[in-house]
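Spelled out from the first residue to the last, the chains are:
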Amino acid sequence: MTERTYDVAVVGATGAVGEVLLELLLERGFPLGRLVPLASARSAGEDVAFGRRSVRVQALDDFDFAGIDFAFFSAGGSVSALHAPRAAAAGAVVIDNTSHFRMDPAVPLVVPEVNPDALAAFDDPAHAGIIANPNCSTIQMVVALAPIHREVGIARINVATYQAVSGAGRKAMEELGRQTADKLNFREPTVEAFSAPIAFNVIPRIDVLDEQGFTREERKMHNETRRILDDDALGVNATAVRVPVFYGHAEAVHFETREPIELGRVRELLAAAPGVELLPPDAEPTPLEHASGRDPVVVGRLRRDPTHPRGIDLWIVADNLRKGAALNAIQIAETVLQRRR
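Residues numbered from 1 in each chain as written. Predicted model: local features only at pLDDT ≥ 70, side-chain atom pairs only at ≥ 80, totals over all residues. Heavy atoms only, no water.

Draft legend 1. Spotlight on the packing of aromatic side chains. Considering all chains together, one arrives at five aromatic pairs under this definition. Residues Phe30 and Phe70 carry aromatic rings whose centres are separated by 5.9 Å and whose planes lie at 85° to one another, so their mutual orientation is edge-to-face. One end of the pair, Phe30, is in the loop between helix H1 (16-27) and strand S2 (32-39); the other, Phe70, is in strand S6 (residues 70-73), and 40 residues separate them in sequence. This pair shows no difference in class: Phe30 is buried, exactly as Phe70 is. Note on Tyr162 and Trp315: the rings are 5.6 Å apart at their centroids and 40° apart in plane angle, and the pair reads as tilted. Taken as a pair, Tyr162 in strand S9 (residues 154-163) and Trp315 in strand S14 (residues 311-318) lie far apart in primary sequence, 153 residues in all. (Phe/Tyr/Trp six-rings, centres within 6.5 Å; stacked < 30°, edge-to-face > 60°. Helix = DSSP H or I, 4+ residues; strand = E, 2+ residues; numbered from the N terminus. Buried < 20%, exposed > 50% of the residue type's maximum accessible area, 1.4 Å probe, protein only.)

Here it is as structure tokens:
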């Protein structure tokens, strides 16, 4: 029996996440029928690579989504706000990688390894609508912490993120490259993508500051983690930092459990957790060696917090364009199809 195929649109196909989405659709053998790369009118007419062939990019503004089964959006919140509802109204399951719909109670916010049941409304093949893809830093943290939270509860999380420039897009990556060359050649770097030079530097601010001094990125981690883990009592305190790394976010996570748990049991839970790769105690996960170009959320440096009887520390790395964006989005689509069988 021939497997059914599904027509897919990728909005933002010429961007960094869009390129990885196309790569992973092919790599994972998604049951693809028609592929429609979409972008702004400025990029329409370009070709994007899809395996050994090229596919012409179409303009999003006048595209008719009728007949599209899945529409992946990764072109900015304002684009999703305007076009995602019309894609859903045309019958597509929209999987949106921006922050626009993440806290909308009518839109599920999903990490398939953690809360697949949030997709229950999509079990009906006739159902269309919008599903939100969480923030990249939130995704890798909840994949690692969810099994511990299910077993003994987590009361509080302190996390410092060390985020790659690819999270800010292609122009940010180009800026890191240019500034690195400038510094090595004793030239003063030009700053455009960030609030300060990023080459040979770290910037303790990602996105805009609010009145309390937190950035939007930090607030996302607080709000999204509580929503995905379905726990409004969970405390999440984040500091988000941009570092001069091209691919792969890292996180230093310190958490306090509600009930006591042995460190050996934590190790067992992490070793068995879907999507997690737990390294030996003497290994040090790094974005370059363990995350870049790979799918797992990699965990190491697991240890007791000596200042709290139920405190545990660990270090997490993951590819922010794969599990932090494109891979999670495709896994959502795959989970929708699995639940409908």
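Draft legend 2. Structural view of empty space enclosed by the protein. For the structure on display, the rule yields one cavity of 30 Å³ or more. Within this model, the largest cavity holds a volume of roughly 40 Å³. For the lining of the largest cavity, the residue count by class is six nonpolar, no polar and two charged. (1 Å grid on protein atoms, 1.4 Å probe; cavity = no way out; pocket = protein on both sides within 12 Å on 5 of 7 lines; lining within 4 Å. Points joined across faces, edges and corners; volume = space filled by probe spheres on them. Nonpolar A, V, L, I, M, F, W, Y, C, P; charged D, E, K, R; others polar.)

Draft legend 3. Here's a closer look at the pattern of salt bridges. For the structure on display, the rule yields 24 salt bridges. Among the ionic pairs, Arg178 bridges to Glu192, the shortest N-O distance being 4.0 Å. Of the two residues, Arg178 is situated in helix H4 (residues 170-184) and Glu192 in the loop between H4 and helix H5 (216-228); the sequence distance between them amounts to 14 residues. Residue class for Arg178 comes out partly exposed when judged on its relative accessible area of 43%. With a closest N to O distance of 2.8 Å, Arg322 and Asp295 form a salt bridge. You can see Arg322 sitting in helix H8 (residues 322-340) and its partner Asp295 sitting in the loop between helix H7 (287-291) and strand S13 (297-304), a full 27 residues away along the chain. On the basis of relative accessibility, which here comes to 6%, the residue Arg322 falls in the buried class. (Salt bridge = Lys/Arg side-chain N within 4 Å of Asp/Glu carboxyl O.)

Draft legend 4. Summary view of the packing of helix H3 (residues 136-152) against H8. At a closest axis distance of 8 Å, the pairing of H3 and H8 adopts a crossing angle of 85°. For the element pair H3 / H8, the angle class is roughly perpendicular. In this structure, H3 contributes Cys136, Ile139 and Val143 to the contact, and H8 contributes Lys323, Gly324 and Asn328. Broken down by class, the residue content of the contact of H3 with H8 amounts to three nonpolar, two polar and one charged. (Axes fitted to C-alpha atoms, helices over the stretch in contact; angles between N-to-C directions. Parallel < 35°, antiparallel > 145°, perpendicular 65-115°, else oblique. Contact = heavy atoms within 4.5 Å.)

Draft legend 5. A look at the nonpolar core. Ranked by size, the top nonpolar core spans 56 residues in total, and within it Phe65 and Ile157 carry the most contacts. Tallying contributions element by element places H3 first for this core, with nine residues. Once residues lying within four places of it in the same chain are set aside, the contact partners of Ile157 are Met141, Leu145, Thr225, Leu234, Gly235, Val236, Asn237, Val253, His254 and Phe255. Within the second largest apolar cluster, 45 residues are counted, among which are Val8, Phe30, Phe122 and Ala199. (Core = buried A, V, L, I, M, F, W, Y, C linked by side-chain atoms within 4.5 Å.)

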